[in-house]
Structure formats: C-alpha cells, structure tokens
Amino acid sequence: MGFRFRVRPEGAARSNSLLPRRASIYPHRSVRFIALTRRRGVLAMVAALILCLIIGFNSFDLFQLHARIAAFFLNAAHIPVSGWQYVEIFPGLGPSLAAETSVPLFRDLPPLASAVFIILFVVLLVVAQRVALTRNFALFLAFLLICSAVSMVLDPNFRFSSSEFTQIWLRNEICIWMLLPWVSVTLFVMLQQSFAKGLGWMLLLETYAIFSSALRMAFSHAVMHYTGMLFFPLLWFAIGLLSNLLYVLLFYSISVHRTSLKAWGSRA
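Notes on the structure follow. (Residues numbered from 1 in each chain as written. Predicted model: local features only at pLDDT ≥ 70, side-chain atom pairs only at ≥ 80, totals over all residues. Heavy atoms only, no water.)

## Details of helix α5 (residues 162–189)
Note: α-helices contain 3.6 residues per turn, so residues at a spacing of three or four share the same orientation. In plain terms, the rule: Every helix listed is a DSSP run of H or I at least four residues long, and every strand listed is a run of E at least two residues long, numbered separately from the N terminus. One fewer than the residue count of a helix, multiplied by 1.5 Å, yields its expected span. Two axes define the bend at a residue: one fitted to the seven residues ending there, one fitted to the seven starting there, and the bend is the angle between them.
With 28 residues, α5 extends 38 Å from end C-alpha to end C-alpha; this agrees with the ideal 40 Å at 1.5 Å per step. At Val 183, α5 shows its largest bend, some 40°.

Laid out in structure tokens, this is it:
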C-alpha cells in the first residue's frame with residue numbers, strides 16, 4: 001500500500017470554497033425504486049383477473065372486431081377476398097371470421113417471388129458479414145429462409161389455406177391477449193406511482209395488441225397471396241412471435257421513462 005502526502009506551502013491561504021457536506025447521497029438512478037404495497041399488489045391482481053375474464057367472455061366480439069380491422073387492411077391493399085367463413089379457435093371461446101384468399105403452390109409462384117427470396121437471402125448474409133451486432137439475428141433469419149426453401153423442394157404441394165392460417169394465428173394471439181394482463185401487472189401497474197395510470201397502460205397495451213395483430217395478420221395474408229408458403233417461417237417468427245415481444249418492450253420502455261421523469265426528474 002502506498003501513501004501520498006501533499007504539504008501546503010507556508011503562508012498559503014486556506015481555501016474557503018469547500019462545499020458543505022450533504023446529509024445523504026442522492027441514490028443513483030440504477031438503484032432507485034418505487035415502494036410496493038400489499039394493497040396495490042392485490043388490486044393489480046384483481047384488475048388483471050377482471051380484464052382476463054372480460055377477454056374470455058367477450059372473445060367472440062373481439063374476434064369479429066379483429067376480422068373487421070383485418071378486412072379493412074386487406075381492402076386497402078387490394079387483396080382479393082373471395083369470401084368469409086367461420087373457423088373454430090378454441091372450445092368455449094367462439095368462432096372467428098376468416099378471409100378466403102388464394103395461396104399459390106410453390107410451382108405456381110411467379111419468377112419475381114424467387115428473385116425476392118434470393119435477394120433477401122443475400123442481403124441478410126451481407127448484413128451478417130458487415131454488421132457484427134446483427135450477425136446472429138441475420139443468420140437466424142437466413143436459416144429460416146433455408147428451412148422454407150428445403151420444405152418447398154421436398155413437398156411442393158405443402159400449404160396452409162388462408163382460413164387455416166387465420167385459425168393458427170388467432171389460437172396463438174388469444175393466448176397472448178389473455179396473458180398480457182398478468183404481464184402488465186408487473187411491468188406497468190406495480191411500477192406506476194398512480195394506480196389509475198397503471199390500469200391505463202394495461203388497457204392501452206391490450207388495445208394495441210388486438211389492433212396490431214389484425215394489421216400483421218392482414219400483412220401475412222397479402223404476402224402469402226403473392227408468394228405462397230415461401231416466406232411463411234420468416235413471417236411467423238418476425239411478424240408474429242418477435243413482434244409481440246417488441247411491442248411489449250416498447251410500451252414498457254415508454255412507461256418506465258415517463259414514470260422516472262415524474263418520480264426523480266430528468267438528468268441534469
């Protein structure tokens with residue numbers, strides 16, 4: 001252990017510019033917290049249960065709303081819809097309307113679809129090579145494209161009809177819609193200083209989940225109408241599972257940022 005001594009020169013004036021010692025150190029942003037109470041925890045759980053029951057008991061109406069939003073986007077994109085039919089989602093939750101759009105087989109795809117497939121695959125490889133941060137993600141997307149191409153070559157007749165795709169999509173989405181209230185309890189309600197604002201974030205997230213699901217499903221229908229099942233694994237991961245995670249993280253980030261500004265103020 002070494003010591004360093006500093007000797008004040010003789011005759012040097014003493015400095016009176018020392019700041020007064022503070023009684024306590026202001027907590028760093030990384031260790032600040034919002035106190036949680038048992039009452040708030042119970043109320044949050046009750047709110048999540050009520051919202052979950054509302055979604056379950058009104059699932060038929062939510063499915064019809066979802067279908068109307070999807071129909072709006074399909075019409076806006078000029079995707080031909082030959083008709084609508086009811087598909088069963090889960091027993092007890094009621095059926096949903098599904099649009100009937102054509103999904104071509106692999107051998108019936110236009111040359112442009114194969115060209116887009118090759119270009120996208122090359123772009124992903126270039127991105128993986130040049131941008132180290134996105135390397136694993138880009139290579140995984142390229143792997144999904146390879147799996148899709150291999151499956152098309154092994155079974156050129158494989159495809160989902162548009163109604164089957166809607167059924168698979170909504171079976172996945174309704175589980176997420178009923179799970180989101182319980183996720184919102186931890187991410188929003190418990191972290192808000194105001195219980196009412198926490199409930200507002202919970203309802204806003206649920207509303208966005210339904211709206212974005214209809215938009216993403218309509219986009220998937222449009223892609224499958226022109227390219228068949230060529231991009232299905234990529235769509236299911238990027239437009240489906242990954243998008244659900246990303247919008248939850250987006251809402252969480254905005255919520256925490258606004259709460260921090262109100263609780264502790266902005267950075268100096």
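## Considerations on the environment of Val 123
Within the secondary structure, Val 123 sits in helix α3 (residues 111–130). Taking the C-alpha atoms as reference points, Val 123 and Ala 142, separated by 19 residues in sequence, lie 9.3 Å from one another.

## A word on empty space enclosed by the protein
Keep this limit in mind: A cavity here means a set of points on a 1 Å grid, drawn over the protein atoms and nothing else, where a 1.4 Å probe fits but cannot get out; a pocket is an open set with protein on both sides within 12 Å along at least five of seven lines, and a residue lines either one if it has an atom within 4 Å of a point. Grid points are joined across faces, edges and corners, and a volume is the space filled by probe spheres set on the points.
All told, the structure shown has 1 cavity of 30 Å³ or more when counted by the stated rule. The calculated volume of the largest cavity comes to roughly 40 Å³. Lining the largest cavity, in full, are Ala 67, Ala 70, Leu 74, Trp 84, Leu 97, Ala 98, Ala 99, Thr 166, Met 217 and His 221. Elements that contribute at least two residues to the lining of the largest cavity include exactly α2 (59–76), β2 (95–100) and α6 (195–227).

## Concerning the packing of α3 against helix α4 (residues 135–154)
Where we set the bar: Helix axes are fitted only over the stretch in contact, all axes being lines through C-alpha atoms; the angle between N-to-C directions runs from 0 to 180 degrees. Note on angle classes: values under 35 degrees are labelled roughly parallel, values over 145 roughly antiparallel, values of 65 to 115 roughly perpendicular, and the remainder oblique. Crossing handedness: left-handed means the near helix sits turned counterclockwise from the far one by under a right angle, and right-handed means the same turn made clockwise. Note on contacts: a residue pair qualifies if any of its non-hydrogen atoms lie within 4.5 Å across the two residues. Under the scheme applied, nonpolar residues are Ala, Val, Leu, Ile, Met, Phe, Trp, Tyr, Cys and Pro; charged residues are Asp, Glu, Lys and Arg; polar residues are all the others, including Gly.
Two numbers describe how α3 lies on α4: the axes approach to 8 Å, and their chain directions differ by 155°. The orientation of α3 with respect to α4, classified from their angle, is roughly antiparallel. The element α3 and its partner α4 pack so that their crossing is left-handed. Listed contacts from α4 to Phe 117, Leu 120, Phe 121, Leu 124, Leu 125, Val 127, Ala 128 and Gln 129 of α3 are Arg 135, Ala 138, Leu 139, Leu 141, Ala 142, Leu 145, Ile 146 and Ala 149. In the contact of α3 with α4, the residues fall into 14 nonpolar, 1 polar and 1 charged.

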